[in-house]
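Commentary on secondary and tertiary structure
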Amino acid sequence: MPSYTLSINDQNHTVEVDKGTSLLWVLREHLGLTGTKYGCGIAQCGACTIHVDGSPMKACVLSVDDFSKGERIKTIEGLSERGDHPLQKAWVEVQAPQCGYCHSGQIMQAAALLENNPSPSKEEIKAHMNGNICRCGTYLRIVQAIQLAAQNQ
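Residues numbered from 1 in each chain as written. Predicted model: local features only at pLDDT ≥ 70, side-chain atom pairs only at ≥ 80, totals over all residues. Heavy atoms only, no water.

The name given to the chain in an unreviewed UniProt entry is (2Fe-2S)-binding protein, and the organism recorded there is Algoriphagus aestuariicola.

This is the structure in structure tokens:
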């Protein structure tokens, strides 16, 4: 079985998994980083959003084979050590989640937006968040949380 060394949340992790194993399963099943969720398996819902070298990507369709060259992977667990990232605080303050299942992916998508655009308009937020589905429909609160985080960062 091949061995892969991955840079995840500023730490190197070595895993032995079959070639072609989904990065999502490596994160969840082999490394115990369960904040990244499985939603659809076809990169359509965004529950599995992570950052690769600062860009949001859907882990469910990424193969571990493509991530052993030093790429920096960040999961929701790596966003902040104590859950005090401005987005995480804003999510709580506006009570963005209902069931909460999609929200790690929502927050990771939003974090990439604020990294590149610290003061996005409402329209820019909506455009960037398009592709991250909330089955409970808390989109208005998600937008409010992103706006609040932008003000507080």
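There is more to say, and it comes next.
Considerations on helix H3 (residues 103-116)
With 14 residues, H3 extends 20 Å between its outermost C-alpha atoms, agreeing within 8% with the 20 Å of an ideal straight helix rising 1.5 Å per residue. Of all 14 residues in H3, twelve are buried, a share of seventy percent or more. Turning to H3, the residues buried within the fold contact strand E3 (49-52), strand E4 (55-58), strand E5 (72-74), helix H2 (86-93), helix H4 (122-129) and helix H5 (139-152). (Helix = DSSP H or I, 4+ residues; strand = E, 2+ residues; numbered from the N terminus. Expected span 1.5 Å × (residues − 1). Buried < 20%, exposed > 50% of the residue type's maximum accessible area, 1.4 Å probe, protein only. Contact = heavy atoms within 4.5 Å.)

Let's talk about the pattern of salt bridges
Within this structure, the stated rule accounts for three salt bridges. For the salt bridge of arginine 82 with aspartate 84, the shortest nitrogen-to-oxygen distance reads 3.3 Å. Given a relative accessible area of 70%, arginine 82 falls into the exposed group. Classification of aspartate 84 by relative accessible area gives partly exposed; the value is 31%. (Salt bridge = Lys/Arg side-chain N within 4 Å of Asp/Glu carboxyl O.)

What to know about the nonpolar core
By size, the foremost hydrophobic cluster in this structure holds 24 residues, and its most contacted members are Leu87, Trp91 and Ile146. Those elements giving two or more residues to this core turn out to be H2, H3, H4 and H5. When residues in this core are grouped by element, the largest group, seven residues, is from H5. If near-sequence neighbours (up to four positions away) are discounted, leucine 87 is found in contact with Ile107, Ala110, Ala111, Leu114, Ala145, Ile146 and Ala149. If you look at the next biggest cluster of nonpolar residues, it comprises 19 residues, including Val15, Leu27, Cys60 and Ile73. (Core = buried A, V, L, I, M, F, W, Y, C linked by side-chain atoms within 4.5 Å.)

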